[in-house]
Amino acid sequence: MANASVDLLTRACAHLTGRAENRDAVTELDSWQTEDWRAALLDVPLDERAYEDRFGVGRAAELDALWIWWDASEPDGRVSAATKGYLGFFLLTLTGMHRSDRMRYHGEAYDGGEIDGRPADERCASLVAHTGVREAVKALYRPADDDADAVEIWDEIDFSTMAFHRQGTTSIIITVDSDPPNKAVRPTHYALKCLIYPYLRIPAIVKATRAYEREFGGVRPEGSPLVTVFASYDSWVLMEFIKGTTLTDYLRAAEKGRKDPKSEITRPVDLKQLRAVGAPLLGAMSVLAANVGYHNDLTPSNIIVQVDEDNPDVVKIRLIDLGVNFLHTRTIVGAQSGESVYVAPEVKTSGTGGYRADLYSVGMVLIAIGGIPHSAEGTVPDQFYVASVGLARLLEDLVDADPRQRLVVSGIEAGLGRYTEIRDLFMREIEVLEAAEKGKPKTAYQRFKGLLPAASVVSRQREIAKVRRKQAKATDKAKHPRQAHHLRQANGLKYWAIACALMSWVTLALVLTWWSRDLDLFWQAKYVEIANWVFNRSGNAGIPLLDDVRAADYVIPAAWDNLPVRIIALAYAIPGLRLYMNIFADMTPHSAYRRRGWRGVKTAAASFMMRASAVYPTVYILLPTLVQRRWWVIFSPLGIITVATMISACLWFALDANRRARAWNDGKGLSTVPKGEIMTLQRLVSWQPAAWLYALPVVIIGIFLYNDRLQDELMYAIAIALINIGIWTFKNTGSDAPYVRAGLTRAILAAERLDVLEDRKAKAAKRNAPKPRAADAAAPVPEQEAVG
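Residues numbered from 1 in each chain as written. Predicted model: local features only at pLDDT ≥ 70, side-chain atom pairs only at ≥ 80, totals over all residues. Heavy atoms only, no water.

*Asks:* Can you help me understand the overall build of the chain in this one?
*Replies:* Check the secondary structure of the chain and you find 31 helices and 10 strands. Within the span of the chain, comprising 788 residues, buried residues form 52% of the whole. Considering only intrachain contacts with a sequence separation of at least 6, the fraction spanning at least 24 residues in the chain is 71%. Summed over all atoms, the accessible surface of the chain reaches about 36100 Å², with 57% contributed by carbon and sulfur. (Helix = DSSP H or I, 4+ residues; strand = E, 2+ residues; numbered from the N terminus. Buried < 20%, exposed > 50% of the residue type's maximum accessible area, 1.4 Å probe, protein only. Contact = heavy atoms within 4.5 Å. Areas by Shrake-Rupley, 256 points an atom, 1.4 Å probe, with all protein chains shown as cover.)

*Asks:* Could you clarify how one ought to interpret the side chain of arginine 406 in this entry?
*Replies:* Inspection of the secondary structure puts arginine 406 in the loop between α17 (389-399) and α18 (418-438). A distance of 2.8 Å separates the side chain of arginine 406 from the side chain of glutamate 346, its partner in a polar contact. For arginine 406, the contacting residues outside a window of four places in its chain are Ala344, Pro345, Glu346, Arg356, Ala357, Leu359, Tyr360, Asp397, Leu398, Asp400 and Ala401. (Polar contact = N/O pair within 3.5 Å; in protein donor to acceptor, adjacent residues only side chain to side chain.)

*Asks:* Got a minute to help me understand the sheet that holds strand β8 (residues 245-246) in this structure?
*Replies:* Hydrogen bonds along the backbone pair up the strands of a sheet, which may run parallel or antiparallel. Across the sheet, three strands lie side by side as β8-β9-β10; this open sheet has antiparallel pairing. With partners counted over all chains shown, the strands left at the sheet margins are β8 and β10 (315-319), one partner each. (Pairing = 2+ DSSP bridges.)

*Asks:* Can you walk me through the packing of aromatic side chains in this structure?
*Replies:* Remark: the centre distance and the inter-plane angle together describe each pair of aromatic rings, the angle taken between the planes. As enumerated under the stated definition, the model contains 18 aromatic pairs in all. Between the aromatic rings of phenylalanine 89 and tyrosine 141, the centroid separation amounts to 5.9 Å while the plane-to-plane angle is 75°, which identifies the pairing as edge-to-face. A residue pair is termed long-range when its members are at least 10 positions apart, and phenylalanine 89 in helix α6 (residues 81-106) and tyrosine 141 in the loop between α8 (131-140) and α9 (148-156) qualify at 52 residues. Residues phenylalanine 89 and tyrosine 141 agree in their burial class; the two are buried. Connected via pairs of aromatic rings, a cluster forms that spans Trp154, Phe159, Tyr233 and Trp236. Directly above the aromatic system of tyrosine 554 lies the positively charged group of arginine 550, at a separation of 5.9 Å from the ring centroid. Above the plane of the ring of tyrosine 739 lies arginine 683, whose end atom (NZ or CZ) is 3.9 Å from the centre. (Phe/Tyr/Trp six-rings, centres within 6.5 Å; stacked < 30°, edge-to-face > 60°. Lys NZ or Arg CZ within 6 Å of the ring centre and 35° of its normal.)

*Asks:* Would you mind showing me how to read the packing of helix α23 (residues 559-584) against helix α28 (residues 713-735) here?
*Replies:* For any two helices packed against each other, the geometry comes down to the angle between their axes and how far apart the axes lie. It is at 9 Å that the axes of α23 and α28 come closest, and there the two elements cross at 15°. As far as their axial angle goes, α28 and α23 are roughly parallel. The interaxial crossing formed by α23 with α28 has left-handed handedness. Across the contact of α23 with α28, the residue classes break down as 18 nonpolar, six polar and two charged. (Axes fitted to C-alpha atoms, helices over the stretch in contact; angles between N-to-C directions. Parallel < 35°, antiparallel > 145°, perpendicular 65-115°, else oblique. Left-handed = near helix turned anticlockwise from the far one by under 90°. Nonpolar A, V, L, I, M, F, W, Y, C, P; charged D, E, K, R; others polar.)

*Asks:* What is the right way to look at helix α24 (residues 597-612) in this model?
*Replies:* Residues three or four positions apart in an α-helix share a direction because the helix packs 3.6 residues into each turn. Between its first and last C-alpha atoms α24 spans 23 Å; for 16 residues at 1.5 Å apiece the expected length is 22 Å, and the two agree. Those residues of α24 that are buried are in contact with α21 (481-518), α23, α25 (616-627), α26 (632-663) and α29 (737-768). (Expected span 1.5 Å × (residues − 1).)

*Asks:* Before we go on, may I ask you to explain the sheet that holds strand β5 (residues 189-195) in this structure?
*Replies:* With antiparallel pairing, five strands are arranged side by side in an open sheet as β3-β4-β5-β7-β6. Of all the strands in the sheet, just β3 (157-167) and β6 (229-232) have a single pairing partner and so form its edges. Sheet twist, expressed as the average angle between the axes of neighbouring strands with direction ignored, equals 25°. For strand β4 (residues 171-178) and β5, the ladder comprises seven bridges, and the chain directions are antiparallel. For valine 176, the partnering residue across the bridge sits in β5 and is tyrosine 190. Along the sheet, helix α7 (residues 120-128) makes contact with β3 and β4, crossing β3 at roughly 170°. The sheet strands contacting α8 are β3 and β4, and the helix crosses β3 at an angle near 95°.

*Asks:* Would you take a moment to explain the environment of serine 361 for this structure?
*Replies:* With respect to the helices and strands, serine 361 occurs in helix α15 (residues 355-369). Between the alpha carbons of serine 361 and asparagine 296 there is a distance of 8.3 Å; along the sequence they are 65 residues apart.

*Asks:* Would you mind showing me how to read the pairing of β4 here?
*Replies:* Burial within β4 is extensive, with six of its eight residues counted as buried. With six bridges joining them, β3 and β4 adopt antiparallel strand pairing. For alanine 163, the partnering residue across the bridge sits in β4 and is threonine 175. As consecutive antiparallel partners, β3 and β4 are separated by three residues.

*Asks:* Hey, could you run me through the confidence of the model for the chain in this one?
*Replies:* Detailed reading of the predicted coordinates is not advisable wherever pLDDT falls low. When pLDDT is averaged along the chain, the result is 86, and 89% of the positions lie at 70 or above. Note on residues 781-788: pLDDT is under 50 here. Beyond four places in sequence and across chains, it has one contact. (pLDDT = per-residue confidence, 0-100.)

*Asks:* When you look at the packing of α23 against α29 in this model, what are you seeing that I'm missing?
*Replies:* With their axes 8 Å apart at the nearest point, α23 and α29 run at an angle of 50° to one another. By the angle between their axes, α23 is oblique relative to α29. Contacts from Asn582, Ile583 and Phe584 in α23 reach Ala737, Val740, Arg741 and Leu744 in α29. Residue composition of the contact of α23 with α29, grouped by class: five nonpolar, one polar and one charged.

*Asks:* Can you walk me through the nonpolar core in this structure?
*Replies:* Counting 72 residues, the largest nonpolar core has Leu247, Leu281, Leu319, Ile369, Phe384, Ile422 and Phe426 as the members making the most contacts within it. It is helix α13 (residues 271-291) that contributes the most residues to this core, 11 residues altogether. If near-sequence neighbours (up to four positions away) are discounted, isoleucine 422 is found in contact with Leu282, Leu359, Leu394, Leu398, Leu407 and Ile412. With 70 residues, the next largest nonpolar core counts Leu66, Val79, Leu94 and Val206 among its residues. (Core = buried A, V, L, I, M, F, W, Y, C linked by side-chain atoms within 4.5 Å.)

*Asks:* It is not clear to me how unusual backbone geometry should be interpreted in this structure. Could you clarify?
*Replies:* Outside of glycine, negative phi angles account for most residues, and trans bonds account for most peptide bonds. Put simply, isoleucine 556 and proline 557 share a cis peptide bond, and its omega is 0°. Tracing the backbone shows proline 557 in the loop between α22 (526-534) and α23. In the Ramachandran plot, aspartate 708 falls in the positive-phi region, its phi being about 60° despite a non-glycine side chain.

Structure follows, in structure tokens:
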């Protein structure tokens, strides 16, 4: 071996690039053999600062100078063609290390970096296309002769077909063709993953690379989401080449087609992508769990999306690059990459994964597929709580930061079939969301109409209920009791939503009908004619039953006298529906476990007020509208007091649930409930004092009006109407509603998780409790003790 060292190599580069004079170093470089190059490349410092300290030049500056030399149009006669090939490989190595550092330390996106004004991938591709560089790769990565199997496969590769594909954290991936003896068993186009040479100094990386084929290898059947791995050695892995785009690039392209929401909380969950990509991903994970066990580095860059050319909505998922990422195990230093958000906390802490770590990664990937930015570690973004209680529950059950607390609420067993069950549950929630999406207003006019209760709202809730009812019938109650409970609960809540929509629609219809009668615009509707015929009433008899309960001094028509009650009725009817449908629909604080003591009281109070919000607006509106118009001064303040009580009851439950969630497990808490103030729930907190302060003057003025101590009845009605429409319709049940819904749902699911975890803890304590010794159990009881 010649006097090979990376110091000599950098002195030769300094001479070639014109930075220093050292012709002897270049001459000596020409005498190097493959082993000399291996020794020098292994000694290249791994980080930029160490490189500069050792060689007196920054690595970035060295890169720029070498690229200028490499791009020179005239061949450099100072080095042989073979030496130039090795120098090109050295340049490829420096480029790979530079890009890895930029991504690890500086958060640079994969395609965000340039080298000397050109995209980095383009630079690497030009190097790999060079004949001398190809020969250098062939020589430097050739296995030792004592590994006959690896040598045999290596010799089959046609290195003249080598092309750059992509760079990883510690590797460079190239594509190659080969000519295997049995083409029926092995393909002819491969992906060759080569470790960046200086990383071969790290034993853990070398060991994992050599063992890759043993741990994850095997020929996969056609159509399998898993990749066939044919061979691995200390420095490379040869596997099946997969066409397609990474999920990272796929999601980036999908993001470009989305409009920015007016506020982040209203960002819609992308149901189309969740169905198209999320379901196949869960199917792929099911195959992975059955054949390999777990992935341990499930990030979007390790998921290949293959889009069907004939039907772009149909995709296939392929999983690549299995095994824990060395960056997450701290085997190599650096800041966490942008994809570290997908890695389970226990992997970052201990460097070891498992099937529970994959659950976390799957949850985080599904959140990304839904088009929602990630929130804090172990939490589900607010948008999912707004969209669907069921989907938020499932995601919480996947991404809990404590691996022991995953899959505890959804009723899914953590066996080999877990991903099939997760997919089934996931698709149920997608079906419900899709049914809800069909009836949503799309245009500005439709959204304006949506402010008023309408038959379309009732129809939409009925369609959703049909889906839930079908799902409930298809669920095996004995096999999945918890899922069956959730479906029964959701089905019951949906019927409450239908009742609320129907009552609100009927209420508004009656208010508008009575107002039209006051204005002498009343038309004899068909249902009125039928009712008169049924009750044997003829002539201008009004509306049967409804007119019969009206007080004698309540005259219709009387447009001016009845104007206050009509204004108040309309002002309560509009936000009444929106309060329930925009906030409380599909939400209940009850769980499958019965809570006792004050917890039970808080749960019952919150539940009663949530369900009451679907009923009391109709009662408070129709009694003064149909029976006695003067009652509006009673029911108007009563409505405000009811709302204030409802807010207080919900906060009583939610704040207690969050407090208990943070205190769980000796203060470690549930990760699904963030520390500090939860800004979504704070919106409801801000309503509480305003509601009670608003109630006080309204009650006082109402008492004076009812006792004829005040005369400005119409102005009082208009003032209440302006507040109800301005604050309750557009703000509280409008722009604030998604925040309140997210905050309450998070608290409700936290309370449910605590129920399950506390029950599991109690059962474990009972199992582990010391049992009486057999001798003690059989001992006779003394006579005096038995008598006493």
